[in-house]
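Structural description and commentary
Listed below are the residues making up each chain.
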Amino acid sequence: MIKARNDWKLDEIKALFELPFNDLLFKAHSIHRENFDPNQVQVSSLLNIKTGACPEDCSYCSQSSKYDTGLEREKLMEIDEVLQQAQNAKNKGATRFCMGAATWRNPTDKSLDKVIPMIQGVKAMGMETCVTLGMLSPKQASTLKEAGLDYYNHNIDTSKENYPNVITTRTFQDRLDTLAAVKDANISVCSGGILGMGETETDRASMLQSLANLEEHPDSVPINLLVPIPGTPFENVKPPSESEFVRTIAVARILMPKSVVRLSAGRLDMGEGMQALCFFAGANSIFYGEQLLTTDNPTVANDKSLFSRLGINGEDYQQSVAQELTL
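The paragraphs below set out a description of the structure included in this document. (Residues numbered from 1 in each chain as written. Predicted model: local features only at pLDDT ≥ 70, side-chain atom pairs only at ≥ 80, totals over all residues. Heavy atoms only, no water.)

**A closer look at the overall build of the protein chain**
For the record, the criterion: Each helix is a run of DSSP H or I of at least 4 residues and each strand a run of E of at least 2, with the numbering of both proceeding from the N terminus. A simple rule labels every residue: compare its accessible area, found with a 1.4 Å probe on the protein chains alone, to the largest value its type can have, and call it buried under 20%, exposed over 50%, or partly exposed in between. Residue contacts are defined here by distance: any two heavy atoms, one from each residue, within 4.5 Å place the two residues in contact.
Across its full length, the protein chain carries 11 helices and 11 strands. A total of 327 residues make up the protein chain; the buried ones form 56% of that total. Within the protein chain, contacts between residues separated by at least 24 positions form 75% of all contacts whose residues are at least 6 apart in sequence.

**Notes on the pairing of strand 1 (residues 42-48)**
Condition: Here the rule is simple: two strands pair whenever DSSP picks up at least two bridges between them.
Of all 7 residues that make up strand 1, 7 are buried, and the element is covered over most of its length. Here strand 1 shows a buried face lined by Gln42, Ser44, Leu46 and Asn48 and a second buried face lined by Val43, Ser45 and Leu47. Bridge analysis of strand 1 against strand 9 (residues 283-288) gives 4 bridges, and the strand direction is parallel. In the strand pairing of strand 9, Gln42 is matched with Ser285. Alignment of strand 1 against strand 2 (residues 96-100), held across 5 bridges, turns out to be parallel. Bridge pairing in strand 2 links Leu47 to Met99.

**Details of the nonpolar core**
We count it as follows: We define the nonpolar core as a collection of buried residues of types Ala, Val, Leu, Ile, Met, Phe, Trp, Tyr and Cys that are connected through side-chain atoms lying within 4.5 Å of one another.
Membership of the largest hydrophobic core comes to 87 residues, with the highest contact counts inside it found for Ile49, Tyr60, Leu208 and Phe245. The element that contributes the greatest number of residues to this core is helix 8 (residues 242-255), accounting for 8 residues. When residues no more than four places from it in sequence are discounted, the contact partners of Ile49 are Lys75, Leu76, Met77, Val82, Met99, Gly100, Ala101, Val115 and Met118. Membership of the second largest hydrophobic core comes to 5 residues, among which are Leu46, Cys98, Tyr151 and Phe287.

**Details of the environment of Thr108**
Here is the rule we go by: Counted as a polar contact is a pair of N or O atoms within 3.5 Å, where, for protein atoms, one must be capable of donating a hydrogen and the other of accepting one, and residues adjacent in sequence contribute only when both atoms are in side chains.
The topology assignment puts Thr108 in the loop between strand 2 and helix 4 (109-124). Distance from Thr108 to Gln140, taken between C-alpha atoms, is 8.9 Å for residues 32 residues apart in sequence. Only 2.9 Å separates the side chain of Thr108 from the side chain of Ser111, close enough to count as a polar contact.

**Observations concerning the pairing of strand 3 (residues 128-132)**
Here is the rule we go by: Seen with the strands pointing away from the viewer, any crossover whose path from the first strand over the helix to the second strand runs clockwise is right-handed.
In terms of burial, strand 3 is a largely internal element, 4 of the 5 residues being buried. Taken together, the 5 bridges between strand 2 and strand 3 define a ladder with parallel strand orientation. Residue Met99 lies in a different strand from strand 3, and its bridge partner there is Val131. Inspection of the sheet shows strand 3 paired to strand 4 (residues 151-153) by 2 bridges, in the parallel sense. When the bridges of strand 4 are listed, Val131 appears paired with Tyr152. For the segment spanning strand 3, helix 5 (residues 138-146) and strand 4, crossover handedness is right-handed.

**Side note on the environment of Met256**
Topologically, Met256 is positioned in the loop between helix 8 and strand 8 (260-263). Here the alpha-carbon distance between Met256 and Asp219, two residues 37 residues apart in the chain, equals 9.2 Å.

**Some points on unusual backbone geometry**
Not every positive phi belongs to a glycine, and Asp157 is a case in point at roughly 75 degrees. Along the chain, Asp157 turns up in the loop between strand 4 and helix 6 (172-184). Judged by its relative accessible area of 2%, Asp157 is buried. You will see that Asn186, though not glycine, has its phi angle at about 65 degrees, which is positive. Along the polypeptide, Asn186 turns up in the loop between helix 6 and strand 5 (188-190). The exposure class of Asn186 is exposed, given its relative accessible area of 57%.

The structure is reproduced here in structure tokens:
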């Protein structure tokens, strides 16, 4: 059993990226098997509870008020609608429900008061709860913990070196400060990044180094493939190759052996073979549902068919979901 580390050197991580592809995948898969059932994939569902008019200038995002992407601004969803969506997600097999209001730079206390009943309602359904609301103060993180929040998502997006090329309205350190506040409040951390924003392989290594060298590894590490949005600065950025993406999944698994690595946005552009390689390399979570915030995602039916063909989440898992639905 390989011991988790928090002292990775950049050169060590770059050396992993440079391994022959088969050697890297063998190493990652071996570590994955030591820590997880290799044929079990956790399923989450993500709902955008507030859309558009974000004051940030994230160069990849359709919700930024800085860019003309044709996205209509919408107010915070009503609690009844959110809870109905959560129930629908549970009925389809999701075990965690994530609520996103990332259009807030940082939520006000009044905004938190509106989100807390949503957290409590989803929790009462027996699902794990997750929110992404922007930057948090330590006091706000404690308030969310008291409300029963299980996970807080706050991605670092890219390397600290590449970060100024992606976002200028907040700093990389701002991201780390929020992660520290969340961890200090004893909320599980969900933090990862996005590939396909003009970064180099060294940037990918540096991004993973920042995550792996946190005091505690994130509980969940989402790895996203950029979905280019017309009207944003990154609408024409060249995506990474399939092998480059799979390598990043594999290195994330090696560096953070006990973290759940989530294959997140961009799966519509991934074929069955690429996703299968990602699962082999250590990805063991996905988002269910046709919509991820403002981008499209495979249908639940397509994902269930994929899982069936790959032998993922077999009969025992499906039976446990069915039993939950009859309770």
